[in-house]
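# Topology and contacts: notes
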Amino acid sequence: MTTDAASKAEMAAAKLKRAAQNFGEALFDALYPEQLSCDICLEDLQERGRYNLCAKCLEELPYVGDKICVNCGMPLEDEGEYCLRCQNNESAFKLCRAPFVYDGLARQMIYALKFSAKKYIVGTLGAFMADTFLERGMNAEIAVFVPMAQEEIKKRGFNQSELLARDVADRLNLPLLPALIKKKSTSEQKELTARERAANLEGVFECVFPQVKKRSVLLIDDVFTTGATSNECAKTLLKAGAREVSVLTAAITKQKISFEQDD
Ligand SMILES: [Zn+2]
Ligand SMILES: [Zn+2]
């Protein structure tokens, strides 16, 4: 067989394989029609709404509410403008906002996504995050996500922040750039204090896309804990020339400074 004929045969084989795949998928869909159920309690839903949740779970979710830290978006107990952390620390990011407190059903959803790979949850979280972006009057020209190190991705198989970012960027019509990379694993973060976390993260991120220059950047992550990760990523983006960095996460920890939460 000539090379030409061989490549033609290969193409035909690939075409056949694709057709078989499509047929297989169509058959699967016919046999198992998409079942609509609440992302949290799995109760049957009558129709597909903006969020894949039943009325009860929608009501029980821990929304952050209106009294929040002007800077990091954390719910506040008292009348002040800033939380304790932001009173005492400068942030490299302009502001951070999240739809949920990292607690109750919101924590359950993020756990299911991260540790049980329930990726269907991304759509519901992404819808809430996009709502928050619009309702809180945020703006940005491009979106980026908090990266994971190679070995961290190998372990989990995916980066939940990237999945969320893809969904949010799509909803907001923002270009998404994989602008940041993480040069080494920092999975031992949990054991560290806030100060140690910040030191541990110093210099681990690198911006590999010059397109962030002079742009207003939206940084997307799953959870805002001590702010160490967001801050270090924002610093890296600003160093690469970004004009400003805003942060959007699915949830934010309410505790003033917690040493046990995962980042
Ligand atoms: Zn439910
Ligand atoms: Zn704050």
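Above: the structure in question.
Since we're looking at a predicted model, the values are computed, not measured.

Moving on to the overall build of the protein chain. Counting secondary structure elements, the protein chain contains 9 helices and 7 strands. Here the protein chain holds 263 residues, and the buried ones make up 36% of them.

Moving on: unusual backbone geometry. Although it is not a glycine, Asn173 sits at a positive phi angle of roughly 60°. Here Asn173 shows up in the loop between α7 (160-172) and β4 (180-182). What makes Asn173 exposed here is the crowd of 7 C-beta atoms within 10 Å.

The next thing to look at is the packing of helix α5 (residues 121-135) against α7. Following both chains from N to C, one finds α5 and α7 inclined at 50°, their axes separated by 8 Å at the closest point. By the angle between their directions, the pair α5 and α7 is classed as oblique. As for the relative orientation of α5 and α7, their crossing is right-handed in sense. When α5 is examined against α7, the residues Val122, Gly123, Leu125, Gly126, Ala127, Met129, Ala130 and Phe133 are found in contact with a partner set consisting of Leu163, Leu164, Asp167, Val168, Arg171 and Leu172. Of the residues assigned to the contact of α5 with α7, the class counts are 10 nonpolar, 2 polar and 2 charged.

The end-to-end C-alpha separation of α5 is 21 Å, in line with the 21 Å expected for 15 residues at 1.5 Å each. Looking at α5, one finds that the buried residues are Ile121, Val122, Thr124, Leu125, Gly126, Phe128, Met129, Ala130, Thr132 and Phe133. Taken together, the buried residues of α5 touch β1 (95-97), α4 (104-116), α7 and β7 (244-252). Looking one or two places after α5, you find Gly137, whose phi comes out positive at around 65°.

Reading the values: the criteria
Residues numbered from 1 in each chain as written. Chains lettered and ligands numbered in written order. Predicted model: local features only at pLDDT ≥ 70, side-chain atom pairs only at ≥ 80, totals over all residues. Helix = DSSP H or I, 4+ residues; strand = E, 2+ residues; numbered from the N terminus. Buried ≥ 20, exposed ≤ 12 C-beta atoms within 10 Å, placed from the backbone. Axes fitted to C-alpha atoms, helices over the stretch in contact; angles between N-to-C directions. Parallel < 35°, antiparallel > 145°, perpendicular 65-115°, else oblique. Left-handed = near helix turned anticlockwise from the far one by under 90°. Contact = placed C-beta atoms within 7 Å. Nonpolar A, V, L, I, M, F, W, Y, C, P; charged D, E, K, R; others polar. Expected span 1.5 Å × (residues − 1).

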